[in-house]
Amino acid sequence: MKWPNALTFIRHGQSSYNLLKKKKEEGASYHVFKELFEKEFKNATHEDWASEELKYLARQVWQDTKLGVSDYNTPLTEEGVRQAEETGRRLKEEAVIPEVVYVSPYLRTRQTLEGLMRGLPELKKASVVSEERIREQEHGLATIYNDWRVYFVFNPVQALLFNLETDYEYRFLNGENKADVR
């Protein structure tokens, strides 16, 4: 096996989820929810730890931030497409054209590669390998809520389990823990 002379890592452009997350974090109601969550979550010792106020706020956050697609199928935004094309143009000036490109099978990463190729047409000559191990941690059922805090409010026993285990050990329902990914 020939070792490469250089490696270039590129993260996907702005995705619909990135935009939704930014909108959520800019909202005043989300900050109120987070503060109350932190207060109640650290003292959670039984399965009815979430107050009615926290449940109400969690429903509001969830309603305001539903994405409607899976993590795997989350697309780039128009800005993300523009970022990918611009990155391709800049790579033309600064990097060696690779012989092989490894890309995650996620939609946003495939769209980023397409944008890179529009900005850097020479990249089309490279071999493209879709590598399923290049991906995010699967958060299972928590993905439905687009926020782990909202997930724990609606699944209080999972919150208790998370508090007993470490962030490294905890495995989301139908998902993975960090050890699984590593």
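The following refers to the structure shown.

Thresholds applied
- Residues numbered from 1 in each chain as written.
- Predicted model: local features only at pLDDT ≥ 70, side-chain atom pairs only at ≥ 80, totals over all residues.
- Heavy atoms only, no water.
- Axes fitted to C-alpha atoms, helices over the stretch in contact; angles between N-to-C directions.
- Helix = DSSP H or I, 4+ residues; strand = E, 2+ residues; numbered from the N terminus.
- Parallel < 35°, antiparallel > 145°, perpendicular 65-115°, else oblique.
- Left-handed = near helix turned anticlockwise from the far one by under 90°.
- Contact = heavy atoms within 4.5 Å.
- Nonpolar A, V, L, I, M, F, W, Y, C, P; charged D, E, K, R; others polar.
- Salt bridge = Lys/Arg side-chain N within 4 Å of Asp/Glu carboxyl O.
- Buried < 20%, exposed > 50% of the residue type's maximum accessible area, 1.4 Å probe, protein only.
- Core = buried A, V, L, I, M, F, W, Y, C linked by side-chain atoms within 4.5 Å.
- Phe/Tyr/Trp six-rings, centres within 6.5 Å; stacked < 30°, edge-to-face > 60°.
- Lys NZ or Arg CZ within 6 Å of the ring centre and 35° of its normal.
- Expected span 1.5 Å × (residues − 1).
- Arc of directions from axis to C-beta.

1. A few points about the packing of helix α4 (residues 78-94) against helix α5 (residues 107-119)
So, point 1. Between α4 and α5, whose axes approach to 7 Å, the crossing angle comes to 45 degrees. Between α4 and α5, the interaxial angle falls into the category oblique. Relative to α5, α4 is oriented so that their crossing is right-handed. Listed contacts from α5 to Val 81, Ala 84, Glu 85, Thr 87, Gly 88, Arg 89 and Leu 91 of α4 are Thr 112, Gly 115, Leu 116, Arg 118 and Gly 119.
So, point 2. For the contact of α4 with α5, the class distribution of residues is four nonpolar, five polar and three charged.

2. Some thoughts on the pattern of salt bridges
So, point 1. Inspection of the entire model under this criterion finds 16 salt bridges.
So, point 2. As a salt-bridge pair, Lys 92 and Glu 122 come within 3.7 Å of each other at their nearest N and O atoms. Taken as a pair, Lys 92 in helix α4 and Glu 122 in the loop between α5 and β2 (127-130) lie far apart in primary sequence, 30 residues in all.
So, point 3. With relative accessibility at 45%, the residue Lys 92 sits in the partly exposed group.

3. Observations concerning the nonpolar core
So, point 1. Of all hydrophobic cores here, the largest spans 23 residues; its most connected members are Phe 33, Phe 37, Trp 49, Leu 54, Phe 152 and Val 153.
So, point 2. Contributions of two or more residues to this core are made by α2 (28-41), α3 (52-64), α6 (148-154) and α7 (156-164).
So, point 3. Ranked by the residues each element gives to this core, the list is headed by α2, at five residues.
So, point 4. Residue contacts for Phe 152: discarding those within four places in its chain leaves Phe 37, Phe 41, Trp 49, Gln 158, Ala 159, Phe 162, Tyr 170 and Phe 172.
So, point 5. With nine residues, the next largest nonpolar core counts Leu 91, Val 101, Leu 113 and Leu 120 among its residues.

4. Observations concerning the packing of aromatic side chains
So, point 1. Per the stated rule, a full pass over the model turns up 23 aromatic pairs.
So, point 2. For the ring pair Tyr 145 and Phe 154, a centre distance of 5.5 Å and an interplane angle of 35 degrees mean the geometry is tilted.
So, point 3. Classification of Tyr 145 as buried rests on a relative accessible area of 14%.
So, point 4. The partly exposed category is assigned to Phe 154, whose relative accessible area is 26%.
So, point 5. The positively charged end of Lys 66 is found above the aromatic ring belonging to Trp 62, 4.4 Å away from the centroid.

5. Brief notes about the environment of Lys 92
So, point 1. For the pair Lys 92 and Glu 40, spaced 52 residues apart in sequence, the C-alpha to C-alpha distance is 51 Å.
So, point 2. When sequence neighbours within four positions are dropped, the list of residues in contact with Lys 92 reads Leu 120, Pro 121 and Glu 122.

6. Observations concerning α3
So, point 1. The end-to-end C-alpha distance of α3 is 18 Å, a good match for the 18 Å that 13 residues give at a rise of 1.5 Å each.
So, point 2. If you check which residues of α3 are buried, you get Leu 54, Leu 57, Ala 58 and Val 61. All buried residues of α3 fall inside an arc of 105 degrees around its axis, so they share one side. In this structure, α3 carries Glu 52 and Tyr 56 as exposed residues pointing more than 90 degrees from its buried face.
So, point 3. For α3, the elements touching its buried residues are α1 (16-26), α2 and α6.

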